[in-house]
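Chain and residue survey
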Amino acid sequence: MVKQYYGIKYPFSDENNDEIYLDLDETYEDMIKSKILHVLFTPKGQRLRNPDFGTDLIKFIFNPSDEITFDSLKKQIKVDINKYVPNVNFTDISIYEDENNDNSRMVIVHYTITKGNKVEATSVAVKI
Amino acid sequence: MENKISYLNRTYSEYKQALIEYSKKYFPDITIDYDDASVASWLLDINADIADNLTYHIDRAFQETNINSATEPNSLFALARNNGVKVPGPKGAMAEVRFTCQLPLGDNEPNWDYAPVIKVGTKVSAGSQVFEVLEDIDFSKQFDVNGNSDRTIVPVMDSNGIIKNYKVSKLGVVTAGEMRIYKQVIYPSDIKPFMEVIIPVEGVMNVESVLVFDGTALTKFPTYGQFYTNSEEVCPANGNSPQISRFFEVDSLAQQTIWGVKNNDNKPVVDVYSYDGVPTYSITRGEWKNIKKKFITEYTDKGYMKLIFGCGVNPGEAINEDAADYNKYIMSQVIANDSLGELPKSNSTMYVLYRVGGGKSSNVAKGAINTISLLNVVITGSSMSIVNGVKKSLTVENTTPSVSGKDMPTPDELRYIIKYNKGAQERCVTTKDYIDRILRLPPKYGTPFRVNATEANNKMMIHVLGLNNMGKLDKTLPTALIENMMDYLAAYRMINDFIEIKSGRIVNLSFDIEVAIDKNYNMADVIATIIDVVNNYMDINKHAMGENIYVGDIKKEISKIDGVVNLSRIRIWNECDGGEGYSTDQIQQELVGNADCADNTFRDEETTKPMVDLEASDDVLFGNDDTMFEIKFPEKNIRVIPKRV
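Residues numbered from 1 in each chain as written. Chains lettered and ligands numbered in written order. Predicted model: local features only at pLDDT ≥ 70, side-chain atom pairs only at ≥ 80, totals over all residues. Heavy atoms only, no water.

With that out of the way, let us pick up the overall build of chain A. Helix and strand counts for chain A come out as 2 helices and 5 strands. When the elements of chain A are put in sequence order from the N terminus, they spell out β-β-α-α-β-β-β. Evaluated residue by residue, chain A yields a buried proportion of 37% over its 128 residues. Once local pairs closer than 6 in sequence are excluded, the contacts in chain A between residues at least 24 apart make up 30%. (Helix = DSSP H or I, 4+ residues; strand = E, 2+ residues; numbered from the N terminus. Buried < 20%, exposed > 50% of the residue type's maximum accessible area, 1.4 Å probe, protein only. Contact = heavy atoms within 4.5 Å.)

Shown next, in the form of structure tokens:
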């Protein structure tokens, strides 16, 4: 029986042992994760024919690292993810300093996935 | 959906939808959804966008192939070329000018030894607009090359009434623009099939001639005489090297012959014809000549003129000398095939004589051309002081506004030129084609004054009429003219057309006009005006051969004249007795009574001339295909019989 995949994995990788050029999402959760990252890492205006797609994270890059910035960042991400990734509710975002690298941050996005009448809490961690 | 691309999709959304459907059908296991956040959708977006862009460019490219929607100049130029249209350049305005000079006394007339010949290239100007004389203007001749009288002589008297000298005026035609010469050295690397030479000047109207001299270190420019040499090989001024070749412009490089002057012992064959022993006009014999040195011209999309030469090369340059003779011959059949024209030699110098200027701004008012800016004149008289005096006395003035100056066609104009050029053919198929072609014979080869062509008994009948020294119709057909016409038409006629050239018929007429004139008007003035009106209406220059004359129009014109109270009757007589220079040709319509017309109530002398039955013809003089009507002597052929009221 042919295996059913859920989409192309994002970020792109080719670590599979199948004869497939790009890695594919094997579960529904993987697919949601790929979609969230796709939205997060696409600056608005970059997507052809869809200038609203993505987030404006790049605009926060030189903002002060304080509560005000984090609040507006969270609000922005919540709106964008809700808009482009259905069945997902963004709950929170946590940011930690990378102990090994002063210039890097670990971002953990917390969200819930609605599958039928089940709601499952999960998160995705991204190093930026 | 089949496993193929739909060419009906035109937009981004159509392409994207088609790609999604395609992926769902043929790759259902890869992904389950195609919403905006999915990576598959992102990749399909890129494909759909590329397809949409390509469609846009296909549309643009297709648009440029259609004459109605093309906007790019290079597309329109290409369309013109494909449709056989030569894109016209700017046109120089033309005007009639009167040159005037004062000639010394001769034997009861001006001393014609000092009559100037204003040569081609003489420049006159109206402000910054330069005009050039296109044909020599010879003050010693009463007529121009077309046989029209265009010289006036007015004696200039001193206070005692004694003639001091003569003021002589002669008409000519000038055209806006000026001649220039472009020089280009041709190196071996320049020589390639269909070599192109672009004249780096804007506003070039046409190329007059191209000369190619052997050698690359030339300092002297060629003379006009060399440029207008009537053969491909030009004799150098001093009779020795360098070798000079002339290249001729043709309509297409496949054209193998051009119409030119027939030479005998290197001299043009010219037949001179006389009236009453006085040489009045000449006809140059022409012939079709084979040419290999030829080029075509066209404009680039930036408006520069480009010369394109053929593809035949000098065998010595292209074929290896080491080859065997027979092999050289075989190779020459292919390599040096010069049927599309020879290329200029390498290590030579090309001189292009071209005309530049013109355009809409060259249309100037009457009298605006009043300066001779460059005088190229020949006066044969021996006294230098008189020669200088004649030169100094030369003045110029345009007697008509200069008209027909035009810029290069706009894209819209070009579209119309291309559309409506389709029917034009360089061959004679219909009778109108023959008329048009004969009238395009250059004047020096004796273009007839009027020509008409008809089909009769499966033959093409061509009737021609000329003018005599008085500017009247003449049936005489000089042999040189007929030979020129036959030779010229031979290259254009249909292969199974049989052509017969004959003189046309001249029907001389006289008018009796019976009018009532208001007693408050001067009778002589009114009569003179009536004669002028009738003479003007019947002017042969205003009618074509075979054209009907509507007497009703003449009546209308006469009735409009101030002082004419009533036009009672017009009677028209056919002056056909052959006396006094009248033609013997009879009008081909119903006559009153018989040829011995009895009704001569209003004639002073007994006459045997037939009178046209205008009532039977409903006031129309029917012109046969070979006939022209003419009032030979207006002063006595238009008689007004007045009544005072």
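Looking now at the pairing of strand β1 (residues 94-103) of chain B. All names here are of chain B. In terms of strand pairing, β1 meets strand β7 (residues 163-176) through 10 bridges, oriented antiparallel. By the bridge assignment, R98 is partnered in β7 with L171. Pairing of β1 with strand β24 (residues 395-398) involves 4 bridges; the strand directions are antiparallel. Looking across to β24, one finds that F99 is bridged to V396. (Pairing = 2+ DSSP bridges.)

Once that is clear, we can look at the confidence of the model for chain B. Residues and elements named next belong to chain B. When pLDDT is averaged along chain B, the result is 86; 92% of the residues meet or exceed 70. Across residues 595-604 the pLDDT falls below 50, and counting only partners more than four positions away or on other chains, this stretch makes 28 contacts in the model. Overall fold confidence for the complex sits at a pTM of 0.65, while the interface term, ipTM, reaches 0.89. (pLDDT = per-residue confidence, 0-100.)

Quick look at the packing of helix α1 (residues 12-26) of chain B against helix α2 (residues 39-63) of chain B now. Geometry of a packed helix pair, given as the angle between the helix axes and the separation of the axes. Residues and elements named next belong to chain B. Between α1 and α2, the least distance of the axes is 8 Å, while the angle of their chain directions is 135°. Overall, the two elements α1 and α2 adopt an arrangement that is oblique. Seen along the crossing, α1 lies across α2 with a hand that is right-handed. Packed against α1, whose contacting residues are Y12, Y15, K16, L19, I20 and S23, the element α2 presents S41, L44, D45, N47, A48, D49, A51, D52 and T55 at the interface. Taken together, the residues of the contact of α1 with α2 sort by class into 7 nonpolar, 4 polar and 4 charged. (Axes fitted to C-alpha atoms, helices over the stretch in contact; angles between N-to-C directions. Parallel < 35°, antiparallel > 145°, perpendicular 65-115°, else oblique. Left-handed = near helix turned anticlockwise from the far one by under 90°. Nonpolar A, V, L, I, M, F, W, Y, C, P; charged D, E, K, R; others polar.)

Summed over all chains, the structure comprises 40 salt bridges over all chains. Here D52 of chain B makes a salt bridge to R49 of chain A, at a shortest N to O gap of 2.5 Å. Of this pair, D52 of chain B sits in helix α2 while R49 of chain A sits in the loop between α1 (28-40) and α2 (67-84), on two different chains. Looking at R49 of chain A, the relative accessible area reads 43%, which means it is partly exposed. Between E483 of chain B and R285 of chain B there is a salt bridge whose closest N-O contact spans 3.0 Å. Here E483 of chain B, found in helix α10 (residues 479-490), pairs with R285 of chain B, found in the loop between β17 (278-284) and β18 (286-290); they are 198 residues apart in sequence, far enough to count as distant. Under the relative-accessibility criterion, E483 of chain B is labelled partly exposed at 35%. (Salt bridge = Lys/Arg side-chain N within 4 Å of Asp/Glu carboxyl O.)

Looking now at the nonpolar core. Judged by nonpolar contacts, the single largest core of 33 residues is most densely connected at I32, I36, I81, V85, V88, V109 and Y111 of chain A. It is α1 of chain A that contributes the most residues to this core, 7 residues altogether. Ignoring sequence-local partners within four residues, the contact set of V88 of chain A consists of I32, I36, I81, N82, Y111, T112 and I113 of chain A. With 32 residues, the next largest nonpolar core counts V207, F295, L307 and V352 of chain B among its residues. (Core = buried A, V, L, I, M, F, W, Y, C linked by side-chain atoms within 4.5 Å.)

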